[in-house]
Every structure is written in structure tokens, then in C-alpha cells.
Amino acid sequence: MSPENAILLALGIPLAGAVLIALADRRPNLRETVTLVTSALLLLTVLQLLGPVLAGERPQALLGEVLPGVAIRFEVEPLGMLFGLVAALLWPINSLYSIGYMRANQEKHQTRFYICFAIALGAAMGVAFAGNLFTLFIAYEALTLSTYPLVTHKGSEDAIRAGRTYLGILLATSIGPLLLAMLWTWSAAGTLDFTTGGILAGRVEGAELGILLALYMFGIGKAAIMPVHRWLPAAMVAPTPVSALLHAVAVVKAGVFTVVKVVLYVFGLDLLQAEPSAHWLPAVAGFTIIVASVIALRANNLKRLLAYSTVSQLSYVVFAAAILAPLSVLGAIMHIAAHAFGKITLFFAAGSIYTAAHKTEVDQLDGIGRRMPWTMGAFAIGALSLIGIPPCVGFVSKWYIMAGALAEDRLLVAAVILTSTLLNIAYLMPILHRAFFRDAPRDDHHAAHGEAPLPMVIAMTLTASGTVAAFFFPDVFLELARGLAGGGTS
């Protein structure tokens, strides 16, 4: 298969799967088989692109020109390859988990759920492989619209309200500041193509550059930089597989991926380093890291805690990219993968606890580790990864971020990472203490009598195992990160 055809297939397979899922509406077993087969085919297709990208190639596909000089074009470079690979790896596992969760909780509208999930993964592939800002913008908006029905899946007043917040913030930021930033970029540079080293050098400078950077950073709402983060905790009303999609597989990863892509391929590290007007970004990202961690520390609802943990962890990527040091950029890219595996494991565990024991609050988890050892064992691995403790892959990404900060003598940056790590310990470790070292209340009428359904346990085990395996074998992710921008991060 040619790389061009592989790109087109990666975009088309999820959409074809969505159609087939719709046709299998009244046959649940067939519908779920189609979901699993579609996700597996997407993974195999994305893997076809990995070899050429690692070898230094940049596969391309052109769908057509919309306006003079503005085309729908795809190009697979190392950063996009890493995002696409992470999403493709986790979709089959999330699909397996979803089957167990949706059936065990007797969720309604399951066909619609699987259709929107497939469309969202197709949009995520479009974001990952976009060759210019115009193509990325189209895929970015498709991802927002396709996930809205997932956020409002339950149809309750809370779900509808959360959906309004979700759609309102994400559309307002993208159609407002992000679109304005793209038009400004087109006017200044005459192109929207992603280019190694950036396209704005010598075209935008001084205060204008700082304003343009702000339009991009706050216009990319999916990155959840404060104060445009409220959509993310609001969306926690959705079923847990949706939370996993939002936090680990597609939506927030599309946000921080776009941030890194803009920093590297629109502005360029050299330009941002030379312009004092761009040096505010680490402060905003650092503020988000600390404040979101403090909010997580005070949360009792488990999914709310994990949501604010995600807000904090996303800004690790923004923070590391904003340091503008090669090692920290490598750490930012690596953290996209590390956070994906760790956070999806934590959400899988939260959903399993809800399914088996109908518990949603941290103070309800006393003794649950003895009744659900697989679930809480997976939770422990995900927690250790977010904290950055070996042998979990979160240690690898934090290592490079800290190394980049220290190499640039950014001691305040290192202090923020260290403080955040201590806060991670403070809000995650008490959960494990409750689960394994406290006795369950004797009058607990909702105590778990065993694990969640087997598909959910298998999925959790796979992602937890991947979190550890990526610590020992991070070579593919690191090689993609080092190959970014023609080896500029090596």
C-alpha cells in the first residue's frame, strides 16, 4: 500500500465504520463486531505509515484546492504520526471497554454512541495528519461537533447543560480567536502550510507577535488553558468511555497537539525565543498546572478530580513547549503519549468502580481495592505514571521536561513541575490508601462483590500494561519526537 493511500484509508476507515455501525443498529453483536474490526483496521493502516515516517519520509495526500493557495492537504510528519499512533492504539482498547460498560449499565442509544465515536476518531486522524492550518481547522471543528452527542448522551438536564458549555466554549474559541489568528497568519505569511522552522519569521514581530500567539493559545480551547478550561470538567457528566475519549484518545490530545504544532511549524522556536512578547506563555501554563492541581486536591467526586488532573497535565505539554528548549519540546511530545496511557487507565478504573459498586466519590472507596484488585491495581499504575514514578512512562516525559528546564537554567519552571508533582501525590495517593489500607464500612449496601465485566478488566489491564511497557520500550515515541522538525529536538 502506498503511503498516500494509507493516509486516505486512515481518514476513510472510521467514516465507513460509522456507516456500517448504523446499518447494524438492530443487531448489537454485529454492531460491536464492526466497531472492533474498524478500530483494528485503522490501527493496521496507521502502522503502515510508521516505517516511512521513521525513515525520514513525509507522506502526503492532496484532496483539492478550496481557494487559491488554500488546499485540503495532508502530510504525515513525526508529531502527527505520534498523535495518530496513540489514537489508533487506544481506539480498539476503548471499544472493548465500551462494550462491557454500555451493556453492563444498560445505556440507551448505543448505536449513536458507536457512530459518533467512529466519526470522532476519523476527525482525530484528520487533525493528526493535517498538512496546513486550514485542513487542521476543518478536522478540529468536526471533532468538536461529533463529540457533542457523546457529551449529551444521557439526555438529562445536567447532560444538556454540560453540552451547551462544551459546545459553546469550544466553538467560541475556535471560530473567534483561532480563526482570526489563522486569517492574520495568512495575511502576514501568504501561506497556512506547516513548515519546519515556522512561517512567521520576519513577518510578525514585537507586540503583534505576542497578541497573535495569545489568539492561538486561547483559541485552541481543547488544550484547556485557564480560563478556557470549563468545558472539560463540565463534560464529565458523559459516560466513562466518552470521558476516556475526551481525556486520553482524541479531544484534549488534539488540543495540545495543535499547540505544539503551532509553536513549532507556524512560529518556530527561534522566533519565539527572540521575541520577549512571547515569553508570557510559560507563566500562563504554569498557573494552570498549579491551580488545576489544587482544585483536584479539593475534589471528592472521582471524575471531577480526574478532570482537573487532566487540565493540569495538559498544561505540562504547553509548559514544556513554551520553554522553547529542544529537550523540553521532546518531553512535551512524549507527554502526549504518556498522559494518554496513564489517564485512560484512570478513567477506565473509575468507570469500573461505578459499574461494579455504583460509587462515584473518593470518600466511598474505603476497602474497595480488596474487592476489585485488578481495577485498583490498574488505577495505581495510572496514578504512578501521572506522578512520574518509574517504572511508568510518565517518568520519561517528566525527565525530559525537567532536563530541558535545567539545561536552560529555568529554575522557576523546575519548581513548578516539582510543586505539581507533590500535588499529584497529594490527591492521588490518598485514593490508593483508602482502597487498600482502610476497611470497607460494614453497612455498605453498594459494596463491590467482584470486578466489572471482563471486557472492561481486559481493557484496563492492556492500558496499564502499556503504561509500564512504554517506560521500558519508549524507543518508537522517542524516535518520533527526536525526528520532529528535521531532528531539531535530538
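For the structure itself, look to the data block above.
Residues numbered from 1 in each chain as written. Predicted model: local features only at pLDDT ≥ 70, side-chain atom pairs only at ≥ 80, totals over all residues. Heavy atoms only, no water.

Digging into the overall build of the chain
Stated precisely, the cut-off is as follows: By definition, any uninterrupted DSSP run of H or I lasting at least four residues is a helix, any uninterrupted run of E lasting at least two residues is a strand, and each is numbered from the N terminus. Based on C-alpha atoms, the radius of gyration is set beside the globule rule, defined as 2.2 Å times the residue count to the power 0.38. Relative accessibility decides the category of a residue: with a 1.4 Å probe and only protein chains considered, values under 20% of the type maximum give buried, values over 50% give exposed, and everything between is partly exposed. Two residues qualify as a contact provided that any one of their heavy atoms is within 4.5 Å of a heavy atom in the partner residue. Surface accessibility in these figures is a Shrake-Rupley result with a 1.4 Å probe; residues are shielded only by whichever protein chains are displayed.
Secondary structure assignment for the chain yields 20 helices and 2 strands. In terms of overall dimensions, the chain is globule-like: its C-alpha atoms have a radius of gyration of 21 Å, near the 23 Å expected for 490 residues. A principal-axis box enclosing the C-alpha atoms of the chain has dimensions of 70 × 55 × 45 Å. Across the 490 residues that make up the chain, the buried fraction comes to 60%. Restricting the contact set of the chain to residue pairs at least 6 apart, pairs at least 24 apart contribute 80%. On the chain, roughly 17500 Å² of surface is accessible, and the fraction owed to carbon and sulfur atoms is 64%.

Some thoughts on the environment of L212
Mapped onto the fold, L212 is located in helix 7 (residues 206–219). Along the sequence, L212 and P177 sit 35 residues apart, while their C-alpha atoms lie 9.0 Å from each other. Once residues lying within four places of it in the same chain are set aside, the contact partners of L212 are A181, W184, T185, L200, V204 and F267.

Focus on the side chain of H335
For clarity, the cut-off: Think of a polar contact as two N or O atoms within 3.5 Å of one another; within protein, one of them needs to be a possible hydrogen donor and the other a possible acceptor, and neighboring residues in sequence only count if both atoms come from side chains.
Looking at where H335 falls in the secondary structure, it is placed in helix 14 (residues 326–357). Judged by its relative accessible area of 1%, H335 falls in the buried class. Engagement of the side chain of H335 in a polar contact is seen with the side chain of S397, the distance being 2.8 Å. Leaving out residues up to four positions away in the same chain, H335 has contacts with Q313, Y316, V317 and S397.

Brief notes about the pattern of salt bridges
Quick reminder of the rule: What makes a salt bridge here is a side-chain nitrogen of Lys or Arg within 4 Å of a carboxyl oxygen of Asp or Glu, nothing more.
If you walk through the whole model with that rule in mind, you get 10 salt bridges. Between K261 and E77 there is a salt bridge whose closest N-O contact spans 2.7 Å. In this pair, K261 is assigned in helix 10 (residues 251–267) and E77 in the loop between strand 2 (70–75) and helix 3 (78–104), connecting sequence segments 184 residues apart. Considered together, K261 and E77 belong to a single accessibility category, that of buried residues. A salt bridge links R438 to D366; its shortest N-O distance comes to 4.0 Å. A residue pair is termed long-range when its members are at least 10 positions apart, and R438 in the loop between helix 18 (411–437) and helix 19 (454–472) and D366 in the loop between helix 14 and helix 15 (368–371) qualify at 72 residues.

Overview of unusual backbone geometry
Backbone geometry follows two general trends: most residues other than glycine have a negative phi, and most peptide bonds adopt the trans configuration. Between M226 and P227 the backbone carries a cis peptide bond, its omega angle lying at 15 degrees. In the segment running from P390 into P391, the intervening peptide bond is cis, with an omega of 10 degrees. By secondary structure assignment, the location of P391 is in the loop between helix 16 (373–387) and helix 17 (394–407). One non-glycine residue, Q106, lies in the positive phi region at around 50 degrees. Structurally, Q106 can be placed in the loop between helix 3 and helix 4 (110–129). Taking the relative accessible area as the measure of exposure, Q106 reaches 67% and is therefore exposed. Positioned with a positive phi, A224 is a non-glycine residue whose angle comes to about 60 degrees. By secondary structure assignment, the location of A224 is in the loop between helix 7 and helix 8 (231–234).

Thoughts on a nonpolar patch on the surface
Definition in use: Like charges are joined within 9 Å and nonpolar side chains (Val, Leu, Ile, Met, Phe, Trp, Tyr) within 5 Å, but only among residues with over 30% relative accessible area and no salt bridge; these make up the patches.
Taken together, the side chains of V37, L41, L44 and L47 make up a nonpolar region of the molecular surface, amounting to roughly 340 Å² of accessible area. Locating L47 in the fold gives a position in helix 2 (residues 28–54).

Observations concerning the packing of aromatic side chains
Stated precisely, the cut-off is as follows: Pairing of aromatic rings covers Phe, Tyr and Trp, the last counted by its six-membered ring, and requires centre-to-centre distances within 6.5 Å; plane angles under 30 degrees mean stacked, over 60 mean edge-to-face, and any other angle means tilted. We call a charge positioned above a ring when the Lys NZ or Arg CZ atom is no farther than 6 Å from the ring centre and deviates by at most 35 degrees from the ring normal.
Going through the model one piece at a time under the given rule, you end up with 13 aromatic pairs. Centroid distance F471 to F472: 5.0 Å. Interplanar angle 85 degrees. Geometry classified as edge-to-face. In textbook terms, an aromatic cluster arises when at least three aromatic residues are bridged by ring pairs, as seen for F395, W399, F471 and F472. Directly above the aromatic system of F194 lies the positively charged group of K261, at a separation of 4.9 Å from the ring centroid.

Focus: helix 10
To keep it simple, the criterion reads: For a helix, the expected span equals 1.5 Å multiplied by the residue count minus one.
If you check helix 10, its first and last C-alpha atoms are 23 Å apart, about what 17 residues at 1.5 Å a residue would give, namely 24 Å. The element helix 10 is largely enclosed, with a buried count of 17 among its 17 residues. G268 sits one or two positions beyond helix 10 and adopts a positive phi of about 90 degrees.

Digging into the pairing of strand 1 (residues 60–67)
Two faces belong to every sheet, and in a regular strand the side chains alternate between them. The line we're drawing: In this analysis, strands are considered paired if DSSP registers two or more bridges between them.
Two elements, strand 1 and strand 2, share 6 bridges in a ladder whose sense is antiparallel. Note on strand 2: the bridge partner recorded for A61 is F74. From the end of strand 1 to the start of strand 2, which pair antiparallel, there are 2 residues, and G69 there has a positive phi angle of about 80 degrees.

Some details on the environment of V151
By the element assignment, V151 lies in helix 5 (residues 133–151). Excluding its chain neighbours within four sequence positions, the residues that come into contact with V151 are A159, A162, G163, Y166, A235, V237, A238, V242 and L246.

Re the environment of Y427
Mapped onto the fold, Y427 is located in helix 18. Residues Y427 and L306, spaced 121 residues apart in sequence, show a C-alpha to C-alpha distance of 9.6 Å. Every residue in contact with Y427, bar those within four places of it in the chain, is listed here: S293, A296, L297, L305 and S309. Among the polar contacts listed, one links the side chain of Y427 to the side chain of N424, at a separation of 3.0 Å.

Re the packing of helix 3 against helix 4
Convention followed: Simply put, an axis is a line fit to the C-alpha atoms, just over the touching stretch for a helix, and the angle between two N-to-C directions goes from 0 to 180 degrees. Each angle is binned into one of four classes, with values under 35 degrees roughly parallel, values over 145 roughly antiparallel, values of 65 to 115 roughly perpendicular, and all other values oblique. Residues are sorted three ways: Asp, Glu, Lys and Arg are charged, Ala, Val, Leu, Ile, Met, Phe, Trp, Tyr, Cys and Pro are nonpolar, and all the rest, Gly among them, are polar.
Where helix 3 meets helix 4, the axes come as close as 9 Å, and the angle between the chain directions of the two elements is 170 degrees. Accordingly, the angle class assigned to the pair helix 3 and helix 4 is roughly antiparallel. For the pair helix 3 and helix 4, contact is made by G80, M81, F83, G84, A87, A88, W91, N94, S98, I99, M102 and R103 and by Q110, F113, Y114, F117, A118, L121, A124, M125, V127, A128 and F129, respectively. Per-class residue counts for the contact of helix 3 with helix 4 are 17 nonpolar, 5 polar and 1 charged.

It is worth stressing that arrangement in space is one thing and function is another; only the former is reported here.
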